[in-house]
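Here is what each chain is made of, one letter per residue.
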Amino acid sequence: MRNVTYSMSTSLDGYIVGPDGGFDWTVPDEEVFGHFTDEIRGVGVHLLGRRLYETMLYWETADEDPSLDASMLEWAALWKPLPKVVFSTTLSEVQGTARLASGSIVDEIERLRAEPGEGDIAIGGATLAAEAAASGLIDEYRVMVHPVLVGGGIPYFPRRERRVDLELVETRTFNSHVVHLRYRVARQELPAK
């Protein structure tokens, strides 16, 4: 079964976007950008909310930008053909390999898991991740913790009254002092019958 992953950058105080709506503090240096490129290689489909989709639209035509370096062109070459599912109540159309979701994120994940396919089902965006987490559908949390306190905004983790035990799978500290944490959801094995 395909893994469902939630991967976003966050401030040390746990926000993906600051109180002013800004996230300029998440701009990756070359080393962190290379990590994101390696991570996207393992993704088979990306689920996005409207705001993240609109932010990422740049990459649909980025390969036409003569100022991009080789690493950014590599990212664009991986991102552009990647199937994307956009959850929005306000958009009527999307571009490239994206399609608008017709159901809930729970329905979409169950459908994608039932279909043949390779690579992770990646979730981008706290609202979508909160819905998937509430239904116990996230298998891994991948957190890029930036050395900044923003004091509020949109939290990385939804405020739910549900305990989820995690197993640390990987850590990495980058030269920029960004720390990558990768946790797998600890699932209880059912006894054999």
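Basis of the calculations
Residues numbered from 1 in each chain as written. Predicted model: local features only at pLDDT ≥ 70, side-chain atom pairs only at ≥ 80, totals over all residues. Heavy atoms only, no water. Helix = DSSP H or I, 4+ residues; strand = E, 2+ residues; numbered from the N terminus. Rg over C-alpha atoms; globule rule 2.2 N^0.38 Å. Buried < 20%, exposed > 50% of the residue type's maximum accessible area, 1.4 Å probe, protein only. Contact = heavy atoms within 4.5 Å. Areas by Shrake-Rupley, 256 points an atom, 1.4 Å probe, with all protein chains shown as cover. Pairing = 2+ DSSP bridges. 1 Å grid on protein atoms, 1.4 Å probe; cavity = no way out; pocket = protein on both sides within 12 Å on 5 of 7 lines; lining within 4 Å. Points joined across faces, edges and corners; volume = space filled by probe spheres on them. Nonpolar A, V, L, I, M, F, W, Y, C, P; charged D, E, K, R; others polar. Core = buried A, V, L, I, M, F, W, Y, C linked by side-chain atoms within 4.5 Å.

Caption draft 1: Region of the structure containing the overall build of the protein chain. Across its full length, the protein chain holds five helices and 10 strands. Here the C-alpha atoms of the protein chain give a radius of gyration of 17 Å, agreeing with the 16 Å that 2.2 N^0.38 yields for 193 residues. Taken along the three principal axes of its C-alpha coordinates, the protein chain extends 60 × 35 × 30 Å. When burial is assessed residue by residue, the protein chain has 42% of its 193 residues classed as buried. Contacts spanning at least 24 positions in sequence make up 70% of the contacts within the protein chain whose residues lie at least 6 apart. Of the accessible surface of the protein chain, which amounts to about 10900 Å², a share of 52% is contributed by carbon and sulfur atoms.

Caption draft 2: Fine view of the pairing of strand β7 (residues 140–146). When you tally the buried positions in β7, you get seven out of seven residues, the bulk of the element. Of the strand pairs in this sheet, β7 and strand β10 (residues 179–185) are connected by six bridges, and their pairing is antiparallel. Within the sheet, the bridge partner assigned to Met144 lies in β10 and is His180.

Caption draft 3: Representation of empty space enclosed by the protein. This model, assessed by the stated rule, comprises one cavity of 30 Å³ or more. Lining the largest cavity are Ala133, Gly136, Leu137, Ile138, Tyr141, Arg162, Val164, Val185 and Arg187. Tallied by class, the residues present in the lining of the largest cavity amount to six nonpolar, one polar and two charged.

Caption draft 4: Examining the nonpolar core more closely. Core analysis: the largest hydrophobic core is formed by 28 residues, its most contacted members being Tyr6, Leu47, Ile105, Ile109, Ile123 and Ile138. Only β1 (4–11), β2 (15–17), β3 (43–49), β4 (84–87), α4 (105–114), β6 (120–124), α5 (126–134) and β7 provide two or more residues apiece to this core. Ranked by the residues each element gives to this core, the list is headed by α5, at five residues. Among all residues touching Leu47, those that are not within four sequence positions of it are Val85, Phe87, Ile105, Glu108, Ile109, Leu112, Ile121, Ala122, Ile123, Gly124 and Leu128. Val32, Val43, Ala98 and Val178 belong to the second largest nonpolar core, which has 21 residues in total.

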